[in-house]
Amino acid sequence: MAQATALAEAAASTDQTPPSETRHSRRVLLAVVAGLALVYAPTIAWLFGRWTISVWHHAHGLFIPPLVAWLVVGELKRHRGAPVTANKWGFALLVPALLLHILDTGIQTQLLSALSLVIALPGLSLLFLGWPRTQAILFPLLFTAFALPIPLALTENVHLILRKITTLAVTPLLSASGVSLYTEGTTIFLANATVEIADACSGFSTLYASVAFAFLLAYFSSSVSRRILVLALAAPIAIASNVLRMFILLHIVVWRGPEVLDTFIHPLSGMLTFAIALPILLRIGSDRPADVPAPAAPATRVQA
């Protein structure tokens, strides 16, 4: 609930309404946030558990709530002069979100409840901050959706495609580097080991995190062309990073044997994909001096 707490704190610190009204609004909002924290406590615990399973499963989600809270506070401070008028359209989001949460208490997916929390945040913002400020923080609130784990049933085909791409790409690279092998489907047969490119090694987690990071960079960039470029290259860079990871990992397997897959080297190689992809995206998405318009030169006063 870091995002909702940020709404309460930032709203109180930037509000221009009379102090008595500010205190009352803050108390109400904090009470609502506390109530939602209790309601969504099992969902938050479930999300935390999913984020911390391993580097292969949505580990980037752990960083999104504090990041969104920081963005919300920053944007509200920038728009401190915007009027604060409760917008009743907030109920159009909050009520369905709560109904979705109630539905999930019966079927116990936790994912629907997590989705309802993402939907509820803009509703709370409309009710307590009004439309002008909600518009200012709309991207951070929507960015929260990237914290949601995507169920395997929806990504099974994507995993398979990524596994095939990784196998097809890494095989000629290994052959060109002198490694003897042959492949069958997504299984690579080496001289001393048989390695299957499984779902965890498909690179989907890196792909998901890279796309999320690309949207964040596009949000901060002032160049339209750079926004389009970073969003378009997010997936290819993530896939290429995973291919490079598998190339290095398989060379280590050839050198040290398949036992290395049961050591820290295997998960460490997963972190390598993030270490490769994210800095490249940052370099592409960050504004360069040429993208930032130069300030206009002051007019020169000429006396006749």
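Small disclaimer: the values here were computed from a predicted structure and weren't measured.

## Some points on the confidence of the model for the protein
Residue-level pLDDT values for the protein average 86, and 86% of them are 70 or greater. Segment residues 297-304: pLDDT under 50, and 0 contacts once partners within four positions in sequence are set aside and those in other chains are kept.

## Considering the pairing of strand 2 (residues 187-190)
Relative to strand 2, strand 1 (residues 181-184) runs antiparallel, the two being bridged by 4 bridges. Residue pairing for strand 2: tyrosine 182 is matched across the bridge by phenylalanine 189. Between the end of strand 1 and the start of strand 2, which pair antiparallel, lie 2 residues, with glycine 185 showing a positive phi angle near 65 degrees. Across 3 bridges, the pairing between strand 2 and strand 3 (residues 194-196) is antiparallel. Following the sheet pairing, isoleucine 188 is matched in strand 3 by valine 195. The antiparallel pairing of strand 2 with strand 3 creates a hairpin that spans 3 residues between the two strands.

## Re the nonpolar core
Counting 20 residues, the largest nonpolar core has Ile64, Val72, Ile137, Phe143 and Phe146 as the members making the most contacts within it. Of all the secondary-structure elements, those providing two or more residues to this core are helix 3 (41-51), helix 4 (64-78), helix 6 (111-136), helix 7 (138-143) and helix 9 (204-220). With 5 residues, helix 4 is the largest single contributor of residues to this core. When residues no more than four places from it in sequence are discounted, the contact partners of isoleucine 64 are Phe143, Thr144, Phe146 and Ala147. Formed by 16 residues, the second largest nonpolar core is a distinct cluster that contains Leu174, Val179, Cys201 and Val243.

## Re the packing of aromatic side chains
Two aromatic rings, taken as a pair, are described by how far apart their centres are and by the angle between their planes. Applying the stated criterion across every chain, the model contains 8 aromatic pairs. Ring geometry for phenylalanine 143 versus phenylalanine 146: centroids 5.3 Å apart, planes at 55 degrees, classification tilted. The two residues phenylalanine 143 and phenylalanine 146 agree in class, both being buried. The interplanar angle of 70 degrees and the centroid separation of 5.3 Å between the aromatic rings of tyrosine 219 and phenylalanine 220 together place this pair among those described as edge-to-face. For tyrosine 219, a relative accessible area of 23% translates into the label partly exposed. Ring pairs connect the aromatic residues Phe139, Phe143, Phe146, Phe204, Tyr208, Phe215, Tyr219 and Phe220, which therefore count as one cluster.

## Remarks on the sheet that holds strand 2
The sheet built from 3 strands is open, its strands ordered 1-2-3 with antiparallel pairing. Here the strands that pair on one side only, and so sit at the sheet edges, are strand 1 and strand 3. Within the sheet, the average angular offset between the axes of one strand and its neighbour, ignoring direction, is 20 degrees. Across the sheet, helix 8 (residues 152-176) touches strand 1, strand 2 and strand 3, and the angle it forms with strand 1 is around 165 degrees. Seen against the sheet, helix 10 (residues 224-256) touches strand 2 and strand 3 and runs at an angle of roughly 35 degrees to strand 2.

## What about the pattern of salt bridges?
This model, assessed by the stated rule, comprises 3 salt bridges. Put simply, arginine 78 and glutamate 75 hold a salt bridge, and the shortest N to O gap is 3.0 Å. Of the two residues, arginine 78 and glutamate 75 both sit in helix 4, 3 residues apart, roughly one turn of that helix. On the accessibility criterion, glutamate 75 (10% relative accessible area) is buried. Taking the shortest distance from any N to any O, the salt bridge between aspartate 199 and arginine 163 comes out at 3.5 Å. Taken together, the residues span a long stretch of sequence, with aspartate 199 in the loop between strand 3 and helix 9 and arginine 163 in helix 8 at a distance of 36 residues. Classification of aspartate 199 as partly exposed rests on a relative accessible area of 29%. Residue class for arginine 163 comes out buried when judged on its relative accessible area of 14%. Salt bridges sharing common partners tie together Arg163, Glu196 and Asp199.

Criteria and cut-off values
- Sequence order as written defines residue numbering, which begins from 1 separately in each chain.
- Restriction of local features to residues with pLDDT of at least 70 applies here, the model being predicted, together with a cutoff of 80 or more for giving and counting side-chain atom pairs; totals for whole chains, interfaces and linings are based on all residues.
- To obtain the side-chain values, all non-hydrogen atoms of the structure were included, while hydrogens and water were left out.
- Scored from 0 to 100, pLDDT records how confident the predictor is in each individual residue.
- Any two residues whose heavy atoms approach within 4.5 Å at even a single point are treated as in contact.
- The pairing criterion for strands is at least two bridges between them, as found by DSSP.
- Here a strand is any run of E in DSSP of at least two residues, a helix any run of H or I of at least four, and the numbering for each starts at the N terminus.
- Definition used in this section: a nonpolar core is a set of buried Ala, Val, Leu, Ile, Met, Phe, Trp, Tyr and Cys residues joined via side-chain atoms within 4.5 Å.
- Any residue under 20% of the maximum accessible area for its type is buried, any over 50% is exposed, and the rest in between are partly exposed; the area is computed with a 1.4 Å probe on protein chains only.
- Two aromatic rings, drawn from Phe, Tyr or Trp (for Trp, its six-membered ring), form a pair once their centres lie within 6.5 Å of each other, and the interplanar angle then sorts them: stacked below 30 degrees, edge-to-face above 60, tilted otherwise.
- Comment: axis = line fitted to C-alpha atoms, over the contacting stretch for helices; angle = value between 0 and 180 degrees taken between N-to-C directions.
- A carboxyl oxygen of Asp or Glu within 4 Å of a side-chain nitrogen of Lys or Arg is what we treat as a salt bridge.

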